[in-house]
Amino acid sequence: MTLKDIDGLSIYRPVQYLGAKIRTLPAIIEATDYLLGSNGTCLDLFSGSSVVSQTLHAKGLKVIGNDALRFSFLITHALISNHQLSNVEKLLSRFVNSDSELHGIEKKISAEKNAINKKDPTVLIKQNIETLMDWDKKRLNLIASLNETEKWKNTAVLLYSGTYFGFNQAKHIDLIRSKIFDLIRKKNITLYEYSLLMTALFSTISQSVFSAGKHFAQPHLIKTEKNLPFISKRIIQDRSYDVLETFKIKVKELVKIKSESKNNDSYATNENLESLVKNRKLEKIDLIYADPPYTAQQYSRFYHIPEVLSEDKFPELQLVNGKVTRGIYPVDRFKSKFCSKKTAHEAFEDIFLLSKKYDSSLILSYSLSKNSATGNERMISLDKLLDLSRKFYGKNVHLIEFAHTYRQFNNIASVVNKKEDKEIQIVCKK
Ligand SMILES: C[S@@+](CC[C@H](N)C(=O)[O-])C[C@H]1O[C@@H](n2cnc3c(N)ncnc32)[C@H](O)[C@@H]1O
């Protein structure tokens, strides 16, 4: 999305990601310099949006970026792995518009285009409210009338049109995704190109989604009596993104960034921490950087749409009291042990077991929330984490504190309480 200059390094933000460490990167660089200098192999255990993996890679370290979510793996792969790129213009010429085969969709697209051209939000808001209200009745019937291939090819239109995305946007998301999968199945593109194209698609949907906070936890809930002026502006703005064109711009951006970055055999993996501890053996690792989730909020809920789009099957939908959830979540979302108080301690212990398995140093990010009443309560306390750190690393444990506030606001008086989160790096030297 944007290029950030962090200590002279260009870092790309492919998606709006909750808890992305953009503002903490200087502290992470400081801790890495202290532990490793600019030589060695680093495991970014929870790579998320890939910004930390990119930073360490740009500093010249070999990086293995890992995440349990597949879409995050694809993003990290695209941004740090060795790149081989074919002719971009030729590749992009394969992505062309065509009409939807689904009954009634082109009519909806036409009404939508008219509204966007006239900058009239009424039709768009009506489509949104009607879709939300009639979802189970209309969409489930439509889905039931299609075979598996038809469902897969029209995933975004069937599941997310009229709410998260406009009808035309959803049609284009399906078109781009089908083409990317078609190209990789026929081996017309490399795995690297596949990850780059998928990253451009994720970046495009992150920019154009009509939701609070630009994640995918839920579509905007429109309350006509309450937030109409705000919603009217946003729906016009978000629905106006031309998905096909935005995707092509993103591909070119990514290709340019990658052509300027060095290949150094960094790569991404798509593993759950538990399986990294128990099963998989990676190469020698000098440093583990760990930025796990700290709250009850599951990333698979906030990012279920890119996750569903990265699959080659149509999802089975989660039902609550016999009805599809407003967020339209799939049943088999990944549930992280870090997001429950019952299992968090064990999950954190696994991080230390992993660092012991590789005899590596460890940097663990922790964010202290000032406001525990916001629903962002931490699943483990800093004291418990420090106990664990000392159990495994003895006296070789240090803290680097980093306050977000002064970087975020020029005027200290405008700081709101919940924004005063403080980031701490627990630095464990082997
Ligand atoms: C706080 S985010 C990481 C953000 C990242 N550092 C960035 O700057 O974008 C935590 C990540 O941990 C991943 N995750 C959660 N539980 C996991 C597990 N058990 N194994 C591997 N990844 C996990 C989530 O998918 C999420 O992307």
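Conventions adopted
- Residues numbered from 1 in each chain as written.
- Predicted model: local features only at pLDDT ≥ 70, side-chain atom pairs only at ≥ 80, totals over all residues.
- Heavy atoms only, no water.
- Near = heavy atom within 4 Å.
- Polar contact = N/O pair within 3.5 Å; in protein donor to acceptor, adjacent residues only side chain to side chain.
- Areas by Shrake-Rupley, 256 points an atom, 1.4 Å probe, with all protein chains shown as cover.
- Nonpolar A, V, L, I, M, F, W, Y, C, P; charged D, E, K, R; others polar.
- Phe/Tyr/Trp six-rings, centres within 6.5 Å; stacked < 30°, edge-to-face > 60°.
- Helix = DSSP H or I, 4+ residues; strand = E, 2+ residues; numbered from the N terminus.
- Buried < 20%, exposed > 50% of the residue type's maximum accessible area, 1.4 Å probe, protein only.
- Lys NZ or Arg CZ within 6 Å of the ring centre and 35° of its normal.
- 1 Å grid on protein atoms, 1.4 Å probe; cavity = no way out; pocket = protein on both sides within 12 Å on 5 of 7 lines; lining within 4 Å.
- Points joined across faces, edges and corners; volume = space filled by probe spheres on them.
- Axes fitted to C-alpha atoms, helices over the stretch in contact; angles between N-to-C directions.
- Parallel < 35°, antiparallel > 145°, perpendicular 65-115°, else oblique.
- Contact = heavy atoms within 4.5 Å.

Q: Mind showing me how you'd approach the site of the ligand here?
A: In the vicinity of the ligand, 21 residues are found, and the nearest of them are Tyr17, Ser49, Asp67, Asp291 and Ser336. Contact distances for the ligand include 2.7 Å between an oxygen atom and a side-chain N or O atom of Tyr17. At 2.6 Å, a side-chain N or O of Ser49 approaches an oxygen atom of the ligand. Here the ligand has 610 Å² of accessible area as a free molecule, and 97% of this is covered by the chains. For the shell around the ligand, the per-class residue count stands at 12 nonpolar, 5 polar and 4 charged.

Q: I keep staring at the packing of aromatic side chains and nothing clicks. Help me out?
A: For any two aromatic rings, the description comes down to two numbers: the centre-to-centre distance and the angle of the planes. What the rule picks out here adds up to 17 aromatic pairs. Their ring planes at 90° and their centres at 4.9 Å tell us that Phe338 and Phe348 sit as a pair that is edge-to-face. One end of the pair, Phe338, is in the loop between strand E8 (323-324) and helix H16 (341-357); the other, Phe348, is in helix H16, with 10 residues separating them in the sequence. A relative accessible area of 0% means that Phe348 is categorised as buried. Of the aromatic side chains, those joined through ring pairs into one cluster are Tyr17, Phe71, Phe202, Phe216, Tyr299 and Tyr303. Directly above the ring of Trp152 sits Arg185, whose terminal nitrogen or CZ lies 5.0 Å from the centroid. Residue placement shows Lys429 over the ring face of Tyr34; its charged tip is 5.5 Å from the ring centre.

Q: Is there a simple way to explain unusual backbone geometry in this structure?
A: Only a minority of non-glycine residues have a phi that is not negative, and only a minority of peptide bonds are not trans. Despite not being glycine, Ser50 has its phi angle at roughly 85°, a positive value. Looking at the element boundaries, Ser50 is found in the loop between strand E3 (41-44) and helix H2 (51-58). Residue Ser50 is classed as buried on the basis of its relative accessible area, which comes to 0%. With a phi close to 60°, Lys187 is a non-glycine residue in the positive phi region. Position of Lys187 relative to the elements: it lies in the loop between helix H9 (167-185) and helix H10 (191-208). With a relative accessible area of 73%, Lys187 lands in the exposed category.

Q: I tried to follow empty space enclosed by the protein on my own but got confused; where do I start?
A: In this structure the tally under the stated criterion is 1 cavity of 30 Å³ or more. Here the largest cavity defines a volume of roughly 50 Å³. Lining the largest cavity are Leu85, Ser86, Val88, Leu91, Glu193, Leu196, Leu197, Val251 and Val255. Mapped onto the lining of the largest cavity, the elements with two or more residues apiece are helix H4 (88-92), H10 and helix H12 (243-259). For the lining of the largest cavity, a count of residues per class yields 7 nonpolar, 1 polar and 1 charged.

Q: Sorry, what's going on with the packing of helix H5 (residues 105-117) against H9 here?
A: It is the contact of H5 with H9, at a shortest axis distance of 8 Å, that shows an interaxial angle of 125°. By the angle class used here, H5 and H9 are oblique. Facing Ile105, Glu106, Lys108, Ile109, Glu112 and Lys113 of H5, the residues of H9 in contact are Phe167, Asn168 and Lys171. A per-class count over the contact of H5 with H9 returns 3 nonpolar, 1 polar and 5 charged.

Q: Would you mind going over the layout of surface pockets with me for this structure?
A: Think of a ball as big as a water molecule: rolled over the atoms, this probe shows where empty space is left. Of the voids in this model, the second largest pocket is the one considered here, and its volume is about 500 Å³. Lining the second largest pocket are 21 residues, and of these Gly104, Lys108, Lys138, Arg139 and Phe167 lie nearest its centre. Among the secondary structure elements, those contributing two or more residues to the lining of the second largest pocket are H5, helix H6 (121-144) and helix H8 (155-160). It is H6 that provides the largest number of residues to the lining of the second largest pocket, a total of 11 residues. In the lining of the second largest pocket, the residues fall into 9 nonpolar, 5 polar and 7 charged.

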